[in-house]
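Residues per chain, in single letters:
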Amino acid sequence: MSTDLLLLPRVAYRGKEITGPRMRTLFALLAADLRTGCSASRLVQELWWDERPEYPGKALQILVSRARSQLGAGLIASTPHGYRLALSEDQVDTSAVLLSGSASAQCLRDGDYAAALQHAESGLARWADAEAEAGDSEAVDPLSMLRAERMSTYRSLLRIRALALSRLGRYADALDILGQVFRERPQDEEVLVELLRCEAATAGPSVAITRYDAYRRSLRDELGTDPGPALQQMYHELLRGSAPVVRSGIPQEPNALLGRDDDILAVTHLMRSSRVTSIVGTGGLGKTRLAYAVSRRAEQHAVHLVPLAGVTSDDDVASAVAAALGVGDGRLTPVDLVTGIVNALGHGSALLVLDNCEHVVRGAAELVRALISMTGDLRVLTTSRARLGLSSESVYLLPELTLPASVELFNHRAKAARPTAELPLDAVQDVCGRLEGLPLAIELAAARVRIMSVPEIAVRLADRFALLRGGARDSPERHRALRAVIDWSWNLLDPPAQAAMRALSIFVGGFTADAAAHLLGTGDVLDVLTQLTDQSLLKAVDTRSGARLHMLETVREFSAVDRDADVTRRFLAWARDFGTANHDAVFGDDPVTATWLIRAEQDNLQLALRLGLDRDDGATVSAMAAVLGCLWLLESNFARLSWLTEQTQRCLSHFRPEPAHVEITRTAAVISAVNTFLMHGPRATRALVVLRRLPLGTPDTTTRAAHAMVLGPADHADTPILFWMRAGFESFLHQQHNNIDEALFAAERMLRAADTLRGPLFPAFAHSRLGELSLDADQGHRARDHLAAALPLIVQVGARSSTVRGRWALTMANLQIGAYDEAERWADEAAMPGEDDPVGLALRAEIMLGRGQVEAGLRAWRRVADRMLPGADPVMGIDTSVAEAWFIEVQGVTLVAHARHGHLGLVRDIAGTAPGLLAEVLTHRPSTVNFPSYGSLLLGIAAADIADGRPGAGMVALAERFRFSRGYQPTMSPARAREMAEQSDKAAYADAQSAYAALDSGSLVAAALTALRERISG
């Protein structure tokens, strides 16, 4: 074991001790991420957390130079943003232990216990005094934190060592270690099984049984449950004093069965409660391998496995089973065959496994029914693409592998095919995701690693049937190509069912029974769907909108090969009917049901939209734009709305709808016009041209009211919904012109009008408007009340991005009133596990600043700024202009926060580029919608100038006139901004307020550009 850099027991490089505290911290920070290293700003922040040097960048350079001179010039490499260690993972002990942990765990799963033990002991040897290091749990310096993080690996390695020792038969060596691990993990039943085994081997079964009884009692007393299946099986073995006696026809595994541990437990559990258990699923899922694994672990004394793949007739099933059990005789009658099978199985507990029953389902079912009626202790396990249909049967629908399990399987098989192959995680995940967790497909793809890279395999998956063939020679013929697997099931279908599969394959997002009936048109559709589901070619899933049927993509592609062109015509007819029936349903009495219904069909509707655009089919395009547009507007998915507007505007502007299509065309045009208004303000669009050609109609629906508001006569009598619509429009218009008081007044009228309307969306929209405007007005209590009133319906309709935004807004409202605990609660609810969340981090930064945790809060803001790019999307579904505005706002708030707390030097790079950035945006693409973001950066520039002793009070007044964003408080508190300006130059501040007060939007942009250019040139 050759490791150059030690950090766990001591800090040393190639035997030379590193004693200086800052030098030790430097190496700990760099070792935490060997690939990317650490940014200079974070290094400075962590190395000089107590007292920042006058020139932090220079101080860091000196420290790095000292490390290089003492330990080697090539040890620390420079990166564009900081430094990294020029060492591999096995050269640094904190990384090497992770490699040992991963390798030992993999070997344990593969059953290679000797290798698992070797890796575990290699990793454990890197600790000299691990327990002592683990005891310092309060230390927060980077070195102590890194050591504490690795203690979980230490405990994992210790556990693996103990398990491997036991499974290698070294019971005495394993006993004490297992006892130690079990004391630390008293619910770890895998450890307890081995501990019982070791105790039985060293001290006798009675000692082990006593421990088991104590554990069982504690589980029942504390949790009200029983030990798991593996532990119960060990208990029965202890009682019997020996393992099961017969295992017939069960082959040993050629390699590890990966990703099926939960399935093994589930099937084993079913077998305890059911006389007949069937593992059912499509071809290539691994039903046979799962049956082998369950059979080897079965509790029955006698287990017999009989493969039926070679049986060609239902009448031959009993003969095949009898022959496998040694009682076959061509002269026996069917009754005698069954009797002989029963006698061969014996009178004790037995398990009969029938593998591959789908092509002889009737014969298998008849035999199993007879056997069950003639025996008391027999259990039957079958594998099939179709269930037997017996009352004694429990069906286990074998799921596809999860993505992590798929990746593990691919990597394992790929390394076996070519040990030196590079397996980039992103590329492997892409391949496995497209193969939908189908083990056979994954193994066939991994085999291609012999001659192809993983990215090349991903490209070739466009023709997966040509790629995925040539399986292992010891696999069944039908499993050596993906096409053969599907073909096996296809040939079991009658011609009408095959025709139905071809037609239904056009649904890319699954379908309902009603949609299938619309598409297929004739015959008993339910019988056809039942047949296809019974053959595991369709999978039924319960959703919020009802039951839906899905095909695996592999099956769908196979079925689509010979699809009739007329299917596309019928599919578009279904889509138009769906759009016509549901295009404005989200604004009706039950928006929750309507929204989930449309969302379930979203992928199919988008396909219909693309097909309609290709055919210049105005009716289809109108229906799809209407129904999808309503959904995406409700979800506040403005990126998709902008795409929809761009894609459909030409087709819609040339479409002359028949009377039956007027309403869907109106809805499509209204949604397009509304999106343009919300994103860019009032402007001429093709959608308005479409609306001018349509008859106005009575403004008694949402879209008709919007049409009347935009193009109707000024003296048009207001209906309740039109009054609500006008008030909402005016609230946006006043907001865009920086008249928040009038905007709030209009939103209040909107809420009053909503009380007279049916449908819960009307008051929810009004509350949402009032909440957003109250935030802009720095009225936190009012904002909190209205936002809280709007949120429940947003959550119910499943609008994820709107729900997250609503919780962020509630966090901001609580920040405005100083309710930091409540703000933290809402920030926690808005968190998106596993996703990059810069908005959430920014909100937490303000919570920390509000609580006086200045260093932590500023550090968080720098992380937000470092992670943001000009076009990044911090919120789901915002378009590029809004993303740019968010980037600008982050820059501004980061500057204000650091300037206010005397740490401007940490963000000097942002301060230097901010004026030019904002000038460029205001010159080429100003938008009144984004004025608050511009104001935030103006305030940041002003705060930086004032902190540097330069004039900045006038720019504060300009930022106020742009109504800088008030959400991130305390940093963006209007009172603090005003105080900063008055302390800097009260007179200049007052003069600037007076000068900017009467300017319209265009003049404000011009004034800002003048100020910025003077700032840049000065």
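Residues numbered from 1 in each chain as written. Predicted model: local features only at pLDDT ≥ 70, side-chain atom pairs only at ≥ 80, totals over all residues. Heavy atoms only, no water.

The protein chain is annotated in an unreviewed UniProt entry as Signal transduction response regulator of Kibdelosporangium persicum.

**Q** Explain the overall build of the protein chain to me, please; I cannot follow it from the model alone.
**A** When helices and strands are tallied, the protein chain shows 48 helices and 14 strands. With the C-alpha coordinates aligned to their principal axes, the bounding extent of the protein chain is approximately 110 × 85 × 55 Å. For the protein chain, the residues scored as buried account for 52% of the 1018 residues in total. The contacts in the protein chain between residues at least 6 apart in sequence include a share of 69% that link residues at least 24 apart. Total accessible area on the protein chain stands at roughly 43,600 Å², and carbon and sulfur atoms take up 51% of it. (Helix = DSSP H or I, 4+ residues; strand = E, 2+ residues; numbered from the N terminus. Buried < 20%, exposed > 50% of the residue type's maximum accessible area, 1.4 Å probe, protein only. Contact = heavy atoms within 4.5 Å. Areas by Shrake-Rupley, 256 points an atom, 1.4 Å probe, with all protein chains shown as cover.)

**Q** Explain the packing of aromatic side chains here, please?
**A** In this description, an aromatic ring pair is defined by two values, namely the gap between the centres and the angle between the planes. What the rule picks out here adds up to 15 aromatic pairs. Ring centres 4.9 Å apart and planes at 90° place the aromatic pair W724 and F762 in the edge-to-face group. You can see W724 sitting in helix α35 (residues 720-736) and its partner F762 sitting in helix α37 (residues 761-776), a full 38 residues away along the chain. Across the pair, exposure class does not vary: W724 and F762 are buried alike. (Phe/Tyr/Trp six-rings, centres within 6.5 Å; stacked < 30°, edge-to-face > 60°.)

**Q** Help me understand the sheet that holds strand β3 (residues 16-17) in this model?
**A** The strand order across the open sheet formed by 3 strands is β1-β2-β3, and the pairing between neighbours is antiparallel. Of all strands in the sheet, those with a lone pairing partner are β1 (5-6) and β3, marking the two edges. In this structure, β1 lies alongside strand β2 (residues 12-13), joined through 2 bridges in antiparallel fashion. Residue pairing for β2: L5 is matched across the bridge by Y13. (Pairing = 2+ DSSP bridges.)

**Q** How should I be thinking about helix α19 (residues 439-447) in this particular structure?
**A** Given 3.6 residues per turn, any residue in an α-helix points the same way as the ones three and four places further on. Of all 9 residues making up α19, 8 are buried, and the element is well covered by its neighbours. Among all positions in α19, only P439, L440, A441, I442, L444, A445, A446 and A447 are buried. Buried residues in α19 make contact with α17 (403-417), α18 (425-434), α20 (454-460) and α22 (482-490).

**Q** Is there a simple way to explain the sheet that holds strand β6 (residues 82-85) in this structure?
**A** The strands making up a sheet associate through backbone hydrogen bonding, with each pair oriented either parallel or antiparallel. Pairing is antiparallel in the open sheet, where 3 strands are placed in the order β4-β6-β5. Edge strands, defined here as strands with exactly one partner in the open sheet, are β4 (38-39) and β5 (76-78). Note that β5 and β6 share 3 bridges and pair antiparallel. Bridging across to β6, A77 finds its partner in R84. In the packing of helix α1 (residues 21-31) onto the sheet, contacts are made with β4, β5 and β6, and the angle to β6 comes to roughly 80°. In the packing of helix α3 (residues 56-71) onto the sheet, the strands contacted are β5 and β6, and the crossing angle to β5 comes to about 140°. (Axes fitted to C-alpha atoms, helices over the stretch in contact; angles between N-to-C directions.)

**Q** Got a minute to help me understand the pattern of salt bridges in this structure?
**A** Tallied over the full model, the rule gives 49 salt bridges. Between R569 and D566 there is a salt bridge, with its nearest N and O atoms 2.6 Å apart. Placement of the pair is R569 and D566 together in helix α27 (residues 566-582), with a separation of 3 residues, close to one helical turn. Among the ionic pairs, E829 bridges to R807, the shortest N-O distance being 3.7 Å. (Salt bridge = Lys/Arg side-chain N within 4 Å of Asp/Glu carboxyl O.)

**Q** For this particular structure, what's the right way to read unusual backbone geometry?
**A** For residues other than glycine, phi is negative in most cases, and the peptide bonds are mostly trans. Between Q969 and P970 the backbone carries a cis peptide bond, its omega angle lying at 20°. Locating P970 in the fold gives a position in the loop between α46 (953-961) and α47 (974-996). Its identity is not glycine, yet D778 carries a phi of approximately 60°, on the positive side. The residue D778 is located in the loop between α37 and α38 (780-796) in this model.

**Q** Where do I start with the packing of helix α33 (residues 686-693) against helix α34 (residues 702-711) in this structure?
**A** Helix packing geometry: the angle between the two helix axes and the distance between the axes. The N-to-C vectors of α33 and α34 enclose an angle of 100°; their axes lie 11 Å apart at closest approach. Classified by the interaxial angle, the pair formed by α33 and α34 is roughly perpendicular. Between α33, through L688, L691 and R692, and α34, the contact on the second element is made entirely by H707, V710 and L711. The class makeup of the residues in the contact of α33 with α34 is 4 nonpolar, 1 polar and 1 charged. (Parallel < 35°, antiparallel > 145°, perpendicular 65-115°, else oblique. Nonpolar A, V, L, I, M, F, W, Y, C, P; charged D, E, K, R; others polar.)

**Q** I tried to follow the nonpolar core on my own but got confused; where do I start?
**A** What tends to happen in soluble globular proteins is that the nonpolar side chains get buried as a cluster. The biggest cluster of nonpolar side chains holds 152 residues, and the ones touching the most others in it are F410, L504 and F571. Counting residues per element, this core draws most heavily on helix α30 (residues 618-634), which supplies 12 residues. For F571, the residues in contact, after removing those within four places along its chain, are I506, F507, L519, N604, L607, A608 and L611. With 80 residues, the next largest nonpolar core counts A783, W826, A830 and L849 among its residues. (Core = buried A, V, L, I, M, F, W, Y, C linked by side-chain atoms within 4.5 Å.)

**Q** Even after reading the chapter, I still don't get the packing of helix α23 (residues 495-504) against helix α25 (residues 525-534), so can you show me in this structure?
**A** Remark: α23 packs on α25, axes separated minimally by 10 Å, with the N-to-C direction vectors making an angle of 85°. Between α23 and α25, the angle falls in the class roughly perpendicular. Contacts from A497, A500, M501 and L504 in α23 reach V528, L529, Q531 and L532 in α25.

**Q** Looking at this model, I keep getting lost on the side chain of Q535. Mind explaining?
**A** Here Q535 shows up in the loop between α25 and β13 (539-543). Contact partners of Q535, with chain neighbours within four places excluded, come to R385, A386, S489, L492 and L493.

**Q** Would you explain the environment of T383 in this entry?
**A** Among the secondary structure elements, T383 is positioned in strand β11 (residues 378-384). Using a relative accessible area of 0% as the deciding quantity, one classes T383 as buried. Along the backbone, T383 and V353 are 30 residues apart, and their C-alpha atoms lie at a distance of 8.1 Å. Discounting chain neighbours no more than four positions away, the residues touching T383 are I279, K287, T288, A291, L354, D355, N356, C357 and E358.

**Q** Just checking my understanding: could you explain the pairing of strand β14 (residues 546-550) for this structure?
**A** Successive residues of a regular strand alternate their side chains across the two faces of the sheet. Across 5 bridges, β13 lies against β14 in antiparallel orientation. The residue of β14 that forms the bridge with T543 is G546. Linkage of β13 to β14, two consecutive antiparallel strands, is achieved through a turn of 2 residues.

**Q** Would you mind showing me how to read the side chain of S489 here?
**A** Mapping S489 onto the fold places it in helix α22. Dropping the residues within four chain positions of it, S489 is found in contact with R385, Q535 and L537.

**Q** What's the story with the confidence of the model for the protein chain in this structure? I'm lost.
**A** For any part of a model where pLDDT is low, the fine detail of the predicted coordinates should not be relied upon. Across the protein chain, the average pLDDT comes to 86, with 93% of residues at 70 or higher. In this model residues 129-137 is a low-confidence stretch, pLDDT under 50, and it forms 8 contacts with partners more than four residues away in sequence or in other chains. (pLDDT = per-residue confidence, 0-100.)

**Q** Teacher, can you tell me more about the environment of A581 here?
**A** The topology assignment puts A581 in helix α27. For A581, a relative accessible area of 56% corresponds to the exposed category. Sequence-wise, A581 and L815 are 234 residues apart; in three dimensions their C-alpha atoms are separated by 44 Å.

**Q** What am I meant to see in the environment of V592 here?
**A** By the element assignment, V592 lies in helix α28 (residues 591-600). Counting along the chain gives 47 residues from V592 to S545, while the straight-line C-alpha distance between them is 9.7 Å. Discounting residues that sit within four places of it in the chain, V592 has contacts with R544, L793, Q796 and V797.

**Q** So what exactly am I meant to see when it comes to the state of the cysteines here?
**A** Note on terminology: disulfide describes a covalent bond linking the sulfur atoms of two cysteines. Per the counting criterion, the structure on display carries 0 disulfides. C198 takes part in no disulfide bond, and the closest cysteine sulfur to it belongs to C107, at a distance of 20 Å. On the basis of relative accessible area, C198 is assigned to the buried category, the value being 0%. (Disulfide = S-S within 2.5 Å.)

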